[in-house]
Every structure is written in C-alpha cells, then in structure tokens.
Amino acid sequence: MRFVISAFFFLMMFSYTAAYDPLDPNGNITIKWDIMSWTPDGYVAVVTMHNFQMYRHIISPGWTLGWTWAKKEVIWSMVGAQTTEQGDCSKFKGNIPHCCKKTPTVVDLLPGVPYNQQFSNCCKGGVVSSWGQDPAASVSAFQVSVGLAGTSNKTVKLPKNFTLLGPGPGYTCGIAKIVPPTNFLTPDRRRKTQALMTWNVTCTYSQLRARKNPSCCVSFSSFYNETITPCPSCACGCQNKNNCVQSDSKLLSMVGINTPRKDNVPLLQCTHHMCPVRVHWHLKINYKDYWRVKVSITNFNYRLNYTLWTLVVQHPNLNNVTQVFSFDYKPLVPYESINDTGMFYGMKFYNDQLMEAGPFGNVQSEVLFQKDNSFTFKQGWAFPRKVYFNGDECMLPLPETYPFLPNSAHQNLLAFSTFISSVIFLLVTVW
C-alpha cells in the first residue's frame, strides 16, 4: 500500500513538472468562452484563444481545438472557423446544423475567405504568434452558435475533455472553469458591456508529451581553438536515418519533393545528429571591454519552412547585451532578480522565415556583449546554459567536449585578439 501511494505521488509530481517551463513559468494558452446572447434553443458564444507563452507559438498548419459536449448540443453555425466533420445530422429537417458530432474538432479558416465568413482575429490558417514576439498576433478567435443547449446561466452545461494541437501534440488542457464575465468597450469607448456568461480553459505545453526526442541540437566553436564541438550523435533520435537524403542527392530536384505531407513526416538531410534544426554558437572576437558571438541557425528539413521562428538562450552575460546585428532581441525576465535569458527572433520581412534545407536554409547574426566581473573563457563559461528553438529545448554537447582554452592562451588572449583585429582593420583600410 505504501508503495502504491508513493508511486502515485511520484507520477503526480512528474506530470506537474513535465508541463512546467522554468524559463516561462506563467506561459499557457487560455481559451475563453463568452456567451454573448441567448437563442431559442441555446446561445451564441465568442471563443478566444490567447497565447500567453513568451516564446512558443503555433506554426502552420495551425491549431486544432476539440472538446466533448456535456449534453446533446449541436453547432448551428460558425464564423471565423469550421469543424473538420459534420457528423450525423439525419434527424434534422429543414435547417441542417454545421456539426452534430459529440466531439467536434475545430480549425481556423485560411486567409482570403469571403468577408461574411470572417471574424476578428480569425482566418490566419491557425498560426498564432507568441506573446513575447507579437502580442497583437497572439490571439485567435471565432464565433459559434450552439443549439439543443441551456438557455440560461443555470441550465448551460460546460463542455469537457478539451484538447489542443498546436499543430502537433504536447498540450494538456484543464477543465472549464466559470469566471467573472468579460467586459467589453464599445467602439467609442464610452460604454461598457459584459458577456452573459464566461468560462476559461487553460492549456499547458510539455515537450515530453510532444515528442520523445529533442527537435534541435547545439554545436560550439571558438577563435582560440580549432576544434569544433559538433552536435551529439543521434541527438534527435535516428529513427529517420533510413529515410534521409544526402545534400547532393538527385531526389532533391524532383517536383514536389519539398511539399509538406499531411502526417508532417520530415524529409531530413543526412547528418550524424539527425536533427531538423541546428544552432551553432561561435565565440568570434575578444575585445578589451566586450566580446562578440556569431549565432547561426540551420534548417535540415526539406519539407518545412519555420515562420516566425524564435531562439531562446540562457547565459549569465545576457544582462549586458550591447548590440544584436541581424536579429531582433528581447530580454526574458521570468524572475525579476535574474536577467540571464533572452529571446532572439527574425526581423520582419527580412529573416523572420527560416527557409527549408538547402543553400538558403539558414539565418545568422552576431551579438556583442559587454564584459562583467564574472567574464571568463575558462570552463566553458562563454557558452550558453540552455537553448530553445521554437519553444523546444535543444540538446547541448557534453561539457567535457567544449572547445577548451589552451593553458598558455589565457594570459595572451586579449592581446592576441586585439592585435588580429587591428591588422584586419588596417588591411581593410588600405584595400
């Protein structure tokens, strides 16, 4: 009995920590249902999805939302979204509902739908930005007319068993909870109205639920050592090893080879790490009061472009970032007393899309740091502690494989790097 109780508490603790992100402790997706009006047999509600995650967004093909009706409800109509199946509506005469399934599955509409099918914050193909990257684009919404349901606050039964794909697995949704009604301001902002009834559903993400292997890896190099520390072998699992493609393969010239599949199976370039994405951190130059890093992100998936990508890095010197040259940058301070985490993302219309594997499948930028009292090149201090790409933690090399600092180099490192920089500057000037 004692063993059973201990095992139960262990599983509960494991389930909790699996959905907890220490770099974004308050991150979640909140789904809010606002009943705006009653109908003869039900209600009209606005369903709004708020992505409160700082750096994890929903990429194409977008979100998929599902639930189970508490009674025998049907969906008469929808604006701004649609269900993937209508279900059996044979018992209805005349007006046929939009969906009669007990467990409807809802997806966003695609851009460009007719105006009368659109709703505010809809029709983006299910793509939702992260809160930290673009708060205005971190919302998705639709309107639904529900029938055969309660027609008052006391008779309405809340849906249950909510599920969210974003676009793949990883999210776990809690039960719907009634909250104070949402307040709205009229366009002239002179009158306040409120929903007739509101309930919230909170969904949290767990990388362990999403996949058993990482989806990215990290490699290191430095100016003081010729050794390049590669990604660990099979860092992302080698289950796709037999289906990968060499970078010079003739298969890549076939028409449609880059078209994404419905099952989202990747077509990876053959590498020793077999990861869709690699992040490379290169210690480039050491100055008297500053040091410079070059960050490169490479896509090895021939079937996927990463739109609105994000890169999160944890490093103690991120509290003194002086300049980021080709990425946008935003500090993340989940704990007010510690400023060691930052988010890099692409500049809009410049490099905010990481193209498919190939000659254009990479983005890169240099980052200039101001040194603080803890600065050193010893014991791998200059390399990041954690790296996340698109919200998933990447696998780092083992610490003993980091590019080591030669014993004699530590004293002469600053003078040597300054000398090299001066020579390069003089050559460029003369040329």
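Quick caveat: nothing in here was measured; it's all calculated off a predicted structure.

Undergrad: Is there a simple way to explain the side chain of Asp 392 in this structure?
TA: You can see Asp 392 is positioned in strand S26 (residues 392-393). The buried category is assigned to Asp 392, whose relative accessible area is 6%.

Undergrad: When you look at the environment of Trp 67 in this model, what are you seeing that I'm missing?
TA: Within the element layout of this structure, Trp 67 appears in strand S3 (residues 64-68). For Trp 67, a relative accessible area of 2% translates into the label buried. For the pair Trp 67 and Val 106, spaced 39 residues apart in sequence, the C-alpha separation works out to 9.1 Å. Residues contacting Trp 67, with those up to four places away along its chain left out, are Trp 33, Ile 75, Lys 102, Thr 103, Pro 104, Val 106, Pro 159, Lys 160, Asn 161 and Phe 162.

Undergrad: Help me understand the state of the cysteines, please; the structure alone is not making it clear to me.
TA: This model, assessed by the stated rule, comprises 8 disulfides. The disulfide that involves Cys 122 links it to Cys 123, with 2.2 Å between the sulfurs. On the S-S bond that ties Cys 122 to Cys 123, the torsion sits near -65°, and the link is left-handed. For the residue pair Cys 122 and Cys 123, the accessibility class agrees, reading buried in each case.

Undergrad: Help me understand the environment of Gly 132, please; the structure alone is not making it clear to me.
TA: Turning to its location among the elements, Gly 132 is positioned in the loop between strand S6 (105-108) and strand S7 (139-147). Overall, Gly 132 belongs to the buried group, its relative accessible area being 3%. Separated by 80 residues in the primary sequence, Gly 132 and Phe 52 place their C-alpha atoms 8.1 Å from one another. Aside from chain neighbours lying at most four places away, what touches Gly 132 is Gln 53, Met 54, Lys 330 and Met 343.

Undergrad: Is there a simple way to think about the sheet that holds strand S22 (residues 341-346) in this case?
TA: Sheet strands pair via backbone hydrogen bonds, and the direction of the pair is either parallel or antiparallel. Ordered by their spatial adjacency, 5 strands build an open sheet running S21-S22-S19-S25-S26, and the pairing between neighbours is antiparallel. A single partner strand is all that each edge strand has here, and the edge strands are strand S21 (327-332) and S26. Sheet topology places strand S25 (residues 386-389) next to S26; 2 bridges connect them, and they run antiparallel. Note that in S26 the partner of Tyr 388 across the bridge is Glu 393.

Cut-off values and rules
Residues numbered from 1 in each chain as written. Predicted model: local features only at pLDDT ≥ 70, side-chain atom pairs only at ≥ 80, totals over all residues. Heavy atoms only, no water. Helix = DSSP H or I, 4+ residues; strand = E, 2+ residues; numbered from the N terminus. Buried < 20%, exposed > 50% of the residue type's maximum accessible area, 1.4 Å probe, protein only. Contact = heavy atoms within 4.5 Å. Disulfide = S-S within 2.5 Å. Pairing = 2+ DSSP bridges.

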